[in-house]
Amino acid sequence: MVMKINSIIDYLLCFLVFVFWAILYPYHTLFTEQSSLFLYTSDYWGQYALRPEGWAMYCGNFLAQFYIDRWAGALIQTLLFATLLVVTKRILIKIGVKGNILPVATLPALLWLALQCDHRFTPGDALSFICPFALTLLYMSMSNTLLRRLLFTLMIIPVYLFSGAAATCSLYVACTLFELFYAKDAWRFCTPLWPVAATFLPYLWQKVYLQPSDGLFEILTYPLVDGIKYVPYLLLVFVPFCILMVKIIGTNRLSAIAAGKTVFAINILALLGYGYYLFSKTYHRTEEQKFGMSVATIRYDWDKVLKISEGVKNPDQHTAYFANLALAMKGDLSQKMFQYPQTDEYGLFLVHSGDHFNLSHGSEFYSHIGILNEAIRWIFDAYILRQKGMDYHTLVRLAVWNRDNGYDRVARKYFDILECTLMYRSWSKRQRKAPVVEKKKDPVQPIEFYIGGREPISDMARYYDNNPQNRLALDYMSCCLLLKNDPVKFLKLYDACYPPSPERIPQAYQEVLLVMANMGKINISNFPIDKINEIRFRSFNDLVSKGNGKELEKQFGDTWWYYSYKKRQ
């Protein structure tokens with residue numbers, strides 16, 4: 001009966017994990033696919049062949065190509081979770097853990113799920129953690145003592161290449177403890193040589209192959225949030241700790257403890273509580289929304305970008321940027337921008353900095369606005385900054401943008417690389433044959449590199465001076481001044497660049513002009529302002545005078561008036 005309940009718990013956990021990745025966190029897997037690369041070439045394998053943890057990264061990148069489909073990605077993530085869960089349970093059964101204590105076997109899988117929620121934790125990282133668990137079970141399952149010792153002695157280097165230094169040490173410490181406590185012959189006392197060899201192997205490897213240069217025993221190459229920064233260590237010491245504790249407690253006493261139903265209830269409650277704690281530390285809805293908008297932007301699905309943006313409660317410059325770009329592509333930036341969460345002017349222009357995400361997606365803006373050289377520079381800088389090599393997003397953009405900009409030889413190089421992939425091979429062949437619109441050269445415009453050390457609006461002004469026909473650039477400058485809360489400069493730009501008697505003025509601009517008229521700067525009768533906006537502006541001023549902040553947000557939260565009011569507070 002107990003085993004049946006344990007099995008039901010395992011199946012339920014796996015089902016919930018699948019639902020989590022398929023419905024609650026699908027964009028993390030889609031973003032992982034865009035951030036990875038797998039090539040069917042010998043040169044690509046050569047990059048990983050002699051690198052510690054390289055084999056796992058290679059296999060992980062192979063799996064990540066299938067993340068292009070959200071359901072396939074969710075299935076793979078669930079299978080990895082289930083593998084760790086089943087292997088851990090089998091290990092604990094081998095060393096004598098059973099009955100009502102067995103639910104503790106779900107702890108490593110829950111810890112590991114917390115790591116999976118970090119977008120930097122790749123399928124390769126996942127495989128490198130599963131490896132010591134799976135090989136420990138293999139070692140315990142081999143009945144021929146001499147064979148298992150010989151086999152695992154020869155496997156030290158392959159394991160090191162697959163999982164890295166820390167995981168290799170974890171595996172051989174677990175095998176050593178199992179040998180010392182469960183083997184019967186005298187040779188078992190020689191097995192401590194394994195962890196000694198595994199510990200010195202990275203230093204020997206560094207001397208021979210010059211890898212790795214530092215961080216020999218790093219478990220992860222990036223920092224985790226405080227709430228889960230200890231998780232990788234707990235995962236690697238879990239099996240050795242369990243082997244040691246079973247020996248200390250004794251199998252007879254452990255069996256007696258396992259028979260108690262209270263122990264089962266305590267285990268379940270503890271795991272549920274800890275699972276909830278991990279979930280609260282690792283599930284970041286805003287980050288998932290950002291990745292969703294990123295994926296939708298890559299696919300030019302502007303309606304999807306805006307739909308996700310509507311649910312963002314705590315906007316940052318990235319989520320605001322995606323929403324504004326989508327509005328611009330639909331021709332609604334100046335009309336509807338304040339219907340979506342805004343931050344400041346950097347919600348329009350991402351900064352050219354050492355942030356890979358900024359560079360990668362900032363290039364999208366310059367591509368759509370028509371400054372292709374600048375788009376290529378940003379995406380290439382993102383490639384240079386990314387130390388793990390290229391990714392699908394970078395390659396696709398470099399191939400298409402170089403082709404559209406007339407750099408055929410460079411474009412062919414990137415298309416050749418993409419034709420060595422699985423999911424982008426046919427796409428690359430179609431793109432090679434796609435007609436390219438001939439680019440017109442403007443003799444007044446000697447270069448297209450405008451983005452330097454100035455403020456984004458200043459750089460955009462330099463571009464607009466040479467390309468006054470680009471009305472999207474003008475809209476971005478005007479909206480930037482609105483986000484900077486500078487109506488005076490907006491009015492100067494409006495007078496200089498917009499027609500004197502337009503048939504229709506965008507909503508956000510009408511709101512600014514009403515404020516300027518209220519300040520006595522312009523005569524509002526000279527502009528075609530909607531009557532409803534004049535009425536609403538009077539209502540807004542009445543509420544401001546009464547200091548009714550909640551009603552202001554309720555009635556005017558989607559206006560530049562309210563944005564400006566909050567900026568002044």
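Residues numbered from 1 in each chain as written. Predicted model: local features only at pLDDT ≥ 70, side-chain atom pairs only at ≥ 80, totals over all residues. Heavy atoms only, no water.

### Notes on the confidence of the model for the chain
Residues of the chain with pLDDT of at least 70 account for 94%, and the chain-wide mean is 86. Here residues 442-447 is modelled with pLDDT under 50, and outside its nearest four sequence neighbours on either side it reaches five contacts, counting other chains as well. (pLDDT = per-residue confidence, 0-100. Contact = heavy atoms within 4.5 Å.)

### Observations regarding the pattern of salt bridges
As enumerated under the stated definition, the model contains 13 salt bridges in all. Between lysine 89 and aspartate 10 there is a salt bridge whose closest N-O contact spans 2.2 Å. One end of the pair, lysine 89, is in helix H5 (residues 70-94); the other, aspartate 10, is in helix H1 (residues 2-24), and 79 residues separate them in sequence. For the residue pair lysine 89 and aspartate 10, the accessibility class agrees, reading buried in each case. The shortest N-O distance in the salt bridge between lysine 484 and glutamate 345 comes to 3.7 Å. Linking lysine 484 in the loop between helix H24 (471-483) and helix H25 (487-497) with glutamate 345 in the loop between helix H17 (333-336) and helix H18 (356-369), this pair joins segments that are 139 residues apart in sequence. The exposure class assigned to lysine 484 is partly exposed, which follows from its relative accessible area of 29%. The buried category is assigned to glutamate 345, whose relative accessible area is 15%. One continuous salt-bridge network, built from bridges that share partners, spans Arg148, Arg149 and Glu179. (Salt bridge = Lys/Arg side-chain N within 4 Å of Asp/Glu carboxyl O. Helix = DSSP H or I, 4+ residues; strand = E, 2+ residues; numbered from the N terminus. Buried < 20%, exposed > 50% of the residue type's maximum accessible area, 1.4 Å probe, protein only.)

### Let's talk about the packing of helix H16 (residues 317-329) against H18
Their axes nearest at 11 Å, the elements H16 and H18 cross at an angle of 15°. The angle between H16 and H18 falls in the class roughly parallel. In this structure, H16 crosses over H18, and the sense of that crossing is left-handed. On H18, the residues that touch Gln317, His318, Tyr321, Phe322, Leu325 and Met329 of H16 are Phe357, Asn358, His361, Gly362, Glu364, Phe365 and His368. In the contact of H16 with H18, the residues fall into six nonpolar, six polar and one charged. (Axes fitted to C-alpha atoms, helices over the stretch in contact; angles between N-to-C directions. Parallel < 35°, antiparallel > 145°, perpendicular 65-115°, else oblique. Left-handed = near helix turned anticlockwise from the far one by under 90°. Nonpolar A, V, L, I, M, F, W, Y, C, P; charged D, E, K, R; others polar.)

### As for unusual backbone geometry
Positioned with a positive phi, glutamate 53 is a non-glycine residue whose angle comes to about 70°. With respect to the helices, strands and loops of the structure, glutamate 53 is situated in the loop between helix H3 (42-49) and helix H4 (54-64). Relative accessible area serves as the criterion here: at 17%, glutamate 53 is assigned to the buried category. Despite not being glycine, tyrosine 300 has its phi angle at roughly 60°, a positive value. The residue tyrosine 300 is located in the loop between helix H14 (285-298) and helix H15 (302-309) in this model. Among the residues examined, tyrosine 300 registers a relative accessible area of 41% and is labelled partly exposed.

### A closer look at the packing of aromatic side chains
For the structure on display, the rule yields 53 aromatic pairs. Their ring planes at 40° and their centres at 5.9 Å tell us that tyrosine 44 and tyrosine 58 sit as a pair that is tilted. In this pair, tyrosine 44 is assigned in helix H3 and tyrosine 58 in helix H4, connecting sequence segments 14 residues apart. Assigned by exposure class, tyrosine 44 and tyrosine 58 land together as buried. (Phe/Tyr/Trp six-rings, centres within 6.5 Å; stacked < 30°, edge-to-face > 60°.)

### Observations regarding a nonpolar patch on the surface
A surface patch of nonpolar side chains, amounting to about 390 Å² of accessible area, comprises Ile23, Leu24, Trp71 and Phe279. Its location among the elements puts isoleucine 23 in helix H1. (Patch = residues over 30% accessible without salt bridge, like charges linked within 9 Å, V, L, I, M, F, W, Y side chains within 5 Å. Areas by Shrake-Rupley, 256 points an atom, 1.4 Å probe, with all protein chains shown as cover.)

### A short note on the state of the cysteines
For the structure shown, the criterion picks out zero disulfides. Here cysteine 175 is not disulfide-linked; the sulfur of cysteine 131 is the nearest cysteine sulfur, at 10 Å. For cysteine 175, a relative accessible area of 1% corresponds to the buried category. A disulfide-free cysteine, cysteine 479 has its sulfur positioned 8.9 Å from the sulfur of cysteine 480, the nearest such atom. The class of cysteine 479 is buried, set by a relative accessible area of 0%. (Disulfide = S-S within 2.5 Å.)

### A word on the environment of cysteine 480
By secondary structure assignment, the location of cysteine 480 is in helix H24. When its relative accessible area of 2% is taken as the criterion, cysteine 480 is described as buried. Residues cysteine 480 and glutamine 77 lie 403 residues apart in sequence; the distance between their C-alpha atoms is 41 Å. With near-sequence residues (within four places) excluded, cysteine 480 lies in contact with Glu345, Leu348, Phe349 and Ile457.

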